[in-house]
Every structure is written in C-alpha cells, then in structure tokens.
Amino acid sequence: MDGTRRVRMDGEEARRRILDAAERLFYARGIQAVGMDQVRDAAGVSLKRLYQCYASKDALVEAYLEHRDRRWNDALADHLGRVGEPRERVLAVFGFLAEWFGTADFRGCAFVNAFGELGPASPPVVAAARAHKNALRGRLRTLTAEAGAADPDLLADQLLLLVEGAIVAAAMGTAADPAERARSAARALLDAAAAPDHPLTARWPS
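Throughout this description, residue numbers start from 1 for each chain and increase along the sequence as written. Local features in a predicted model are, by the rule used here, given only for residues with pLDDT of at least 70; side-chain atom pairs are given and counted only at 80 or more, and totals for whole chains, interfaces and linings are based on all residues. Note that water and hydrogens are dropped before the side-chain values are worked out from all heavy atoms of the structure.

Re the packing of helix H4 (residues 57-80) against helix H7 (residues 123-146)
- Closest axis-to-axis distance for the H4/H7 pair is 10 Å, and the angle between their directions is 10°. The orientation of H4 with respect to H7, classified from their angle, is roughly parallel. Residues Val61, Glu62, Leu65, Asp69, Trp72, Asn73, Leu76, Ala77 and Leu80 of H4 pack against Pro124, Val125, Ala128, His132, Leu136, Arg139 and Leu143 of H7.
- Each residue receives one of three labels: charged for Asp, Glu, Lys and Arg, nonpolar for Ala, Val, Leu, Ile, Met, Phe, Trp, Tyr, Cys and Pro, and polar for the others, Gly being one of them. Along the lines of polarity and charge, the residues of the contact of H4 with H7 split into 11 nonpolar, two polar and three charged. Throughout, an axis means a line fitted to C-alpha atoms (over the contacting stretch in the case of helices), and angles, computed between N-to-C directions, take values from 0 to 180 degrees. By the criteria applied, helices consist of DSSP H or I runs no shorter than four residues and strands consist of E runs no shorter than two, each listed in order from the N terminus. The scheme is simple: roughly parallel for angles under 35 degrees, roughly antiparallel for over 145, roughly perpendicular for 65 to 115, oblique for anything else. It only takes one pair of heavy atoms within 4.5 Å for two residues to be counted as in contact.

Things to note about H7
- Helices are assigned an expected span. That span is 1.5 Å times one less than the residue count. With 24 residues, H7 should reach 34 Å at 1.5 Å per residue; the first-to-last C-alpha distance of 34 Å fits that figure.
- The secondary structure elements touched by the buried residues of H7 are H4, helix H5 (86-101), helix H6 (110-118) and helix H8 (152-172).

Describing empty space enclosed by the protein
- A cavity here means a set of 1 Å grid points, computed over protein atoms only, where a 1.4 Å probe fits but cannot escape. A pocket is an open set with protein on both sides within 12 Å along at least 5 of 7 lines, and lining residues have an atom within 4 Å of a point. Grid points are joined across faces, edges and corners, and a volume is the space filled by probe spheres set on the points. Using the criterion set out here, one finds two cavities of 30 Å³ or more in the structure.
- One number sums up the size of the largest cavity: a volume of about 50 Å³.
- For the largest cavity, the full set of lining residues is Arg68, Trp72, Trp100, Cys109, Ala110, Phe111, His132 and Ile167.
- Of all elements in the fold, only H4 and H6 reach the threshold of two or more residues within the lining of the largest cavity.
- If you add up the space inside the second largest cavity, you get close to 40 Å³.

Given below as structure tokens:
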C-alpha cells in the first residue's frame, strides 16, 4: 500500500516538474526551439520518465497550454476577487495586466505565441488558443453585465481588443504604459456604455 502510494506520488511529482520546466522553456524560448532533452534536463527527470508522462512533444505542448491557461486564469480571478465594485472590477483587469507586464519573464501571450509558431498545422494549439481567448471574453462579458453595460456583448468585444492590444504593445515595447493607456480607454467605454436605468449612469455620466 505504502509502495503504491509512493510510486503514484513520484509520478505526480515528475509531471509537475516536467510541466513547470516546459512552461518556463516554451514561454521563454518558443516551442519549436526547445527539444525534449532540454525539458528533461530542466525538469531533472530521465528521458524515459519524460516519455512515460508525455508520450510525445505534441502531448507535452497541449499539457503546457492547459497548465498555462489554468494558472493565468486563476491569477486573474484572484486579482479581481480583491475588488468589490463592479465597474472597478472591469478596470482591475488592466491593473492585472500592468502587474503581469512588469514581471521579469513577461514575453507576451503564450497562446498567441504558440499559435504564431504552429498555427493551423496544430489543431490542438488552435483549439487551446481559441478556448483561452473565448474564456477571457466570457469573463469580460460577465464583468460588463455586472457593471451595467447596455450592451455587455459589444463592450466585452471592445475590451478584449484593448486587452489584446495592450499585451502586444507590452511585449513589443511599442507604447509607454500600455496597460494604463488601455485602462483609460476602458474607462471611457464604460462611461459611454452604462445602461440608462443603471446606477452607474448617475455616478459616471457619459
């Protein structure tokens, strides 16, 4: 019984170390530039164990994107959970981006990067990238509805474009304070989008 538990936990630990190593390497260097032997070395596991956990590099890439999606969305949810007022939760998305952009390892959106590298040649990468963006759009739609937007779908689409633009600008260094610039634009959109009978209209007139 104890031996079975130890083997199972060893396998879990190996997968965790492999995923952590893959995330660091794939995000920093790009998927195609990193070989399985490099992941093996960074994870401190044998090549045999690596392939026991992930039968191919494609399987590891899929797991990496799932892992990245979960971590990124959990971090965003935690950030938004510290903000109580609905309108400010919308604007807090851009505060989250500002913190992310300031991290030492920031290299843009992992899903856009993966799609740019592999694109239509890898349907699982396409699916993962679209699912990540659709989930973000869904979160924005919920936030805009809670904030009293007359058309939360339209405002969610507009905010998603601001988010995507800010990420690209931050990664490429093409704008100063892209998160703050995007937040200012989001604030103007919120002012214009409040439903006529919603309390936000009285507090923040368009």
